[in-house]
Amino acid sequence: MTSSVTAETRSGRVRGTVEQGVARYLGLPYAAPLDGAGWLLPAVPPAPWEGERDASAFGPTVPKPGYQGPVAEILTAEPDFPGAECLNLNVWAPAPGGDVAASGGAGGLPVFVWIHGGAFRNGSGRSGYYDGAAFARDGVVCVTINYRLGALGFLDTGDEHTNLGLRDQIMALQWVRDNIAGFGGDPARVTVAGESAGGMSVGSLLASPLAQGLFAQAVLQSGAGHHAITRETAQKVTRALAERLGIEPTREGFASIDAGTLVDATTALDAEIQANPDPAAWGELTRNVMIFEPVIDGDVLPRLPIDAIRAGSGAGVRVLVGANADEARFFIVPGGLIDLLPEAALAPTAAKYGLPDPAAAVAAYREAEPDASPGDLFCRIMADWFFGIPAVRIAEARAQGPAETFFYRFDEPSTALGGRLGACHAVELAFAFDNLHADGVTNLTGPAPSQAVADETHGAWVRFTRGEDPGWEPYLPARTVRVFGGKGGTAVDPAPALRALWDGVR
């Protein structure tokens, strides 16, 4: 049975729905609708409204291309509902008057704010993967957000309006600060969390002076503090995109192009860069393989996030960080590329990622997994550079800080695609949200994913969000890692020889 419920925001009253003890408020605008030149300018707050605003249905999504190629077969839950009021968020909370709502005490309940992934070009806060009902059931107010993606979010035309996507995230967090008490949440107990590009966004927010004080805790899943690019590289992309569109590389020039045309041109340029990954032409993009990323602009992001974190930015924020055991298989197994990679590709790959003695590095990876195929080892090297080592560096960078840092690894393998995906990129999402039955989930997890692993993973995320001990020791001094799925338990400094290969490199 579904009933209605209302809450007050600074913009006006909203009316959501209640089902099985969870109140849902969907499609709430944290910014004004985007129109004309406004698509490429910093967002502004929404105008107040009279009466009650219906919040029973999700709002529009931001313009995006959708997933391309073989991964589209396993990431099928990617809704696309374009509209001007796309800078919106969703709130799941314990229904007012229930036992869980009352347990928040005078200060309110802890808050979990989710930033979706998607290579800074795809994704949506309305994906079924991120339904927040399980968090609300467990006494946490869950918020999922949309933010501008691709050129609309990260284009750099050389002016002061940089990192609009990160600015959107910051505005959403400001909305949470100003409004979440009306939904039973405590603005002093906010955890900001994200996966992949969302985790990289959280790393950027830890490093951003503009985000300080907006959250007390952070969760970084398969994304950390190394993925940001210089303005020089970002503006190379801008000029190339403008040339492809036949416009001047200015904000006004891009504002003259409709969003769909801009998305299509970006997709074509991305394909061109990936087909001809020349470091002299494209700088960091040849290794980062994302055409848009946060830009080191001196304002939102004064320096590379990991460098800012090493210098103490976000030191008072409690952190949970980690990665999956087989991240890169997500990108290489669908389509069969993993079976086509020869042994001769491994040393050049190690060299591309900066390892000083590529042959010795490949030998070390081979020694760790003697029976692995060349494709398997390629995945290991790629995953360590992209995900595993950056997560370790976040934990190391915070060693002397006042707040705890906990480390995890997700080992539960997917059974999709004949079990060849392993514990690949993004497979942990449905477990962390306890959403194993959401539409599209089993395309990635395979059939009958383990509820026991979901109980363990989601339970740890809830305990951390509450500010409690998540169930294991902080990462340092022993390098303690909590393992979810697989053999489970905890590991102490797993694969130290491989970790040491990256010292001074990544």
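Since this is a predicted model, take the numbers as computed values, not measurements.

Colleague: What should I look at first to understand empty space enclosed by the protein in this one?
Modeller: All chains considered together, the criterion is met by two cavities of 30 Å³ or more. Estimates place the volume of the largest cavity at around 80 Å³. Pro 63, Lys 64, Pro 65, Arg 121, Leu 149, Gly 150, Ala 151, Leu 152, Leu 262, Val 263, Thr 266 and Phe 292 are the residues that line the largest cavity. Mapped onto the lining of the largest cavity, the elements with two or more residues apiece are α3 (150-154) and α8 (259-275). Put simply, the second largest cavity is a space of about 30 Å³.

Colleague: Got a minute to help me understand the packing of aromatic side chains in this structure?
Modeller: Any two aromatic rings considered together are summarised by their centre-to-centre distance and by the angle between their planes. Within the structure shown, the criterion is met by 25 aromatic pairs. With a centroid separation of 5.3 Å and an interplanar angle of 75 degrees, the aromatic rings of Phe 120 and Phe 154 are classed as edge-to-face. Of the two residues, Phe 120 sits in the loop between β6 (109-115) and α2 (133-137) while Phe 154 sits in helix α3, which places them 34 residues apart along the sequence. For the pair formed by Phe 120 and Phe 154, the shared burial category is buried. The interplanar angle of 70 degrees and the centroid separation of 5.7 Å between the aromatic rings of Trp 461 and Phe 484 together place this pair among those described as edge-to-face. Separated by 23 residues along the polypeptide, Trp 461 in helix α18 (residues 451-465) and Phe 484 in strand β14 (residues 480-484) bring together distant segments of the chain. On the basis of relative accessibility, which here comes to 1%, the residue Trp 461 falls in the buried class.

Colleague: I keep staring at unusual backbone geometry and nothing clicks. Help me out?
Modeller: Leaving glycine aside, a negative phi is the common case for residues, and trans is the common case for peptide bonds. Of note, the amide linkage connecting Leu 476 to Pro 477 takes the cis form, showing an omega dihedral of 15 degrees. By the secondary structure assignment, Pro 477 is in the loop between α18 and β14. Although it is not a glycine, Asn 163 sits at a positive phi angle of roughly 50 degrees. Among the secondary structure elements, Asn 163 is positioned in the loop between α3 and α4 (164-179). What makes Asn 163 buried here is its relative accessible area of 0%. Within the chain, Ala 426 stands out as a residue other than glycine whose phi angle is a positive 75 degrees.

Colleague: Just checking my understanding: could you explain the pattern of salt bridges for this structure?
Modeller: One side chain can pair with another of opposite charge once the charged atoms of both are near each other. Counted by the stated rule, this structure contains 28 salt bridges. In this structure, Asp 54 engages Arg 15 in a salt bridge whose closest nitrogen and oxygen atoms are separated by 3.8 Å. On the criterion of sequence distance, the pair formed by Asp 54 in strand β4 (residues 52-54) and Arg 15 in strand β2 (residues 12-19) is long-range, its members being 39 residues apart. Owing to a relative accessible area of 28%, Arg 15 belongs among the partly exposed residues under this scheme. Arg 167 is the partner of Asp 299 in a salt bridge, and the nearest nitrogen-oxygen pair spans 2.8 Å.

Colleague: Got a minute to help me understand the nonpolar core in this structure?
Modeller: Nonpolar side chains in soluble globular proteins tend to end up buried together. Of all hydrophobic cores here, the largest spans 162 residues; its most connected members are Tyr 25, Phe 112, Phe 215, Leu 241, Leu 444 and Trp 461. Tallying contributions element by element places helix α15 (residues 374-397) first for this core, with 15 residues. Each of two domains, domain 1 (1-230 + 295-344 + 375-505) and domain 2 (231-287), supplies a minimum of three residues to this core. Excluding residues within four positions of it along the chain, Trp 461 makes contact with Phe 112, Phe 135, Val 219, Gln 221, Leu 320, Tyr 408, Ala 432 and Phe 484.

Colleague: Would you explain α15 in this entry?
Modeller: Side chains of residues three or four places apart in an α-helix project in the same direction, reflecting 3.6 residues per turn. For α15, spanning 24 residues, the distance from its first C-alpha to its last is 33 Å, which sits close to the expected 34 Å at 1.5 Å a residue. Along α15, the largest kink reaches about 55 degrees and is centred on Asp 384. Taken across its 24 residues, α15 has 19 buried, putting it largely inside the fold.

Colleague: Where do I start with the domain arrangement of the chain in this structure?
Modeller: Where interface size is given, it is often the accessible area lost as the parts come together that is meant. Domain boundaries assigned for the chain yield domain 1 (1-230 + 295-344 + 375-505) and domain 2 (231-287). A separation of 27 Å is found between the C-alpha centroids of domain 1 and domain 2. Every contact between the two is made by 25 residues of domain 1 and, on the other side, 21 residues of domain 2. Buried surface at the junction of domain 1 and domain 2, summed over both partners, amounts to about 2,000 Å²; 60% is from carbon and sulfur atoms. Here domain 1 and domain 2 share three salt bridges between them. Among the ionic pairs, Arg 231 bridges to Asp 156, the shortest N-O distance being 2.8 Å. Breaking the side of domain 1 that touches domain 2 down by element, the ones donating at least two residues are α3, β10 (229-230), β11 (295-296) and α15. Classifying every residue of the side of domain 1 that touches domain 2 gives 15 nonpolar, five polar and five charged.

Colleague: Looking at this structure, I do not really get the packing of helix α6 (residues 231-245) against α8. What am I missing?
Modeller: To describe two helices that pack against each other, one gives the angle between their axes and the distance between the axes. Where α6 contacts α8, the two axes come as close as 10 Å, and the packing angle between them is 115 degrees. Helix-helix and strand crossings are classified by hand; for α6 and α8 the assignment is right-handed. Residues Val 237, Ala 240, Leu 241, Arg 244 and Leu 245 of α6 form the contact with α8, whose own contacting residues are Thr 261, Leu 262, Ala 265, Thr 266, Ala 268, Leu 269 and Glu 272. Residue composition of the contact of α6 with α8, by class: eight nonpolar, two polar and two charged.

Colleague: Please clarify how the layout of surface pockets should be interpreted in this entry.
Modeller: Remark: the empty space left among the atoms is shown by a probe the size of a water molecule rolled over them. Put simply, the second largest pocket is a space of about 690 Å³. Only β12 (318-324), α14 (358-368), α15, β13 (405-410) and α19 (496-501) provide two or more residues apiece to the lining of the second largest pocket. In terms of residue count, α15 provides more of the lining of the second largest pocket than any other element does, seven residues in total. Classifying every residue of the lining of the second largest pocket gives 17 nonpolar, three polar and nine charged.

Colleague: Would you mind going over the state of the cysteines with me for this structure?
Modeller: As used here, a disulfide is simply a covalent bond connecting the sulfur atoms of two cysteines. On inspection of all chains with the given rule, the structure shows zero disulfides. With no disulfide partner, Cys 424 has as its closest neighbouring cysteine sulfur the one in Cys 379, 10 Å distant.

Colleague: How should I be thinking about the environment of Asp 299 in this particular structure?
Modeller: In this structure, Asp 299 sits in the loop between β11 and α11 (305-310). As for Asp 299 and Leu 210, which are separated by 89 residues in sequence, their C-alpha atoms are 8.0 Å apart. If sequence neighbours within four positions are ignored, Asp 299 has contacts with Arg 167, Pro 209 and Leu 210. At 2.8 Å, the side chain of Asp 299 forms a polar contact with the side chain of Arg 167.

About the criteria used
Residues numbered from 1 in each chain as written. Predicted model: local features only at pLDDT ≥ 70, side-chain atom pairs only at ≥ 80, totals over all residues. Heavy atoms only, no water. 1 Å grid on protein atoms, 1.4 Å probe; cavity = no way out; pocket = protein on both sides within 12 Å on 5 of 7 lines; lining within 4 Å. Points joined across faces, edges and corners; volume = space filled by probe spheres on them. Helix = DSSP H or I, 4+ residues; strand = E, 2+ residues; numbered from the N terminus. Phe/Tyr/Trp six-rings, centres within 6.5 Å; stacked < 30°, edge-to-face > 60°. Buried < 20%, exposed > 50% of the residue type's maximum accessible area, 1.4 Å probe, protein only. Salt bridge = Lys/Arg side-chain N within 4 Å of Asp/Glu carboxyl O. Core = buried A, V, L, I, M, F, W, Y, C linked by side-chain atoms within 4.5 Å. Domains from an automatic or database assignment. Contact = heavy atoms within 4.5 Å. Expected span 1.5 Å × (residues − 1). Bend = angle between axes of the 7 residues up to and from the residue. Buried area = accessible area lost by both parts, 1.4 Å probe. Nonpolar A, V, L, I, M, F, W, Y, C, P; charged D, E, K, R; others polar. Axes fitted to C-alpha atoms, helices over the stretch in contact; angles between N-to-C directions. Left-handed = near helix turned anticlockwise from the far one by under 90°. Disulfide = S-S within 2.5 Å. Polar contact = N/O pair within 3.5 Å; in protein donor to acceptor, adjacent residues only side chain to side chain.

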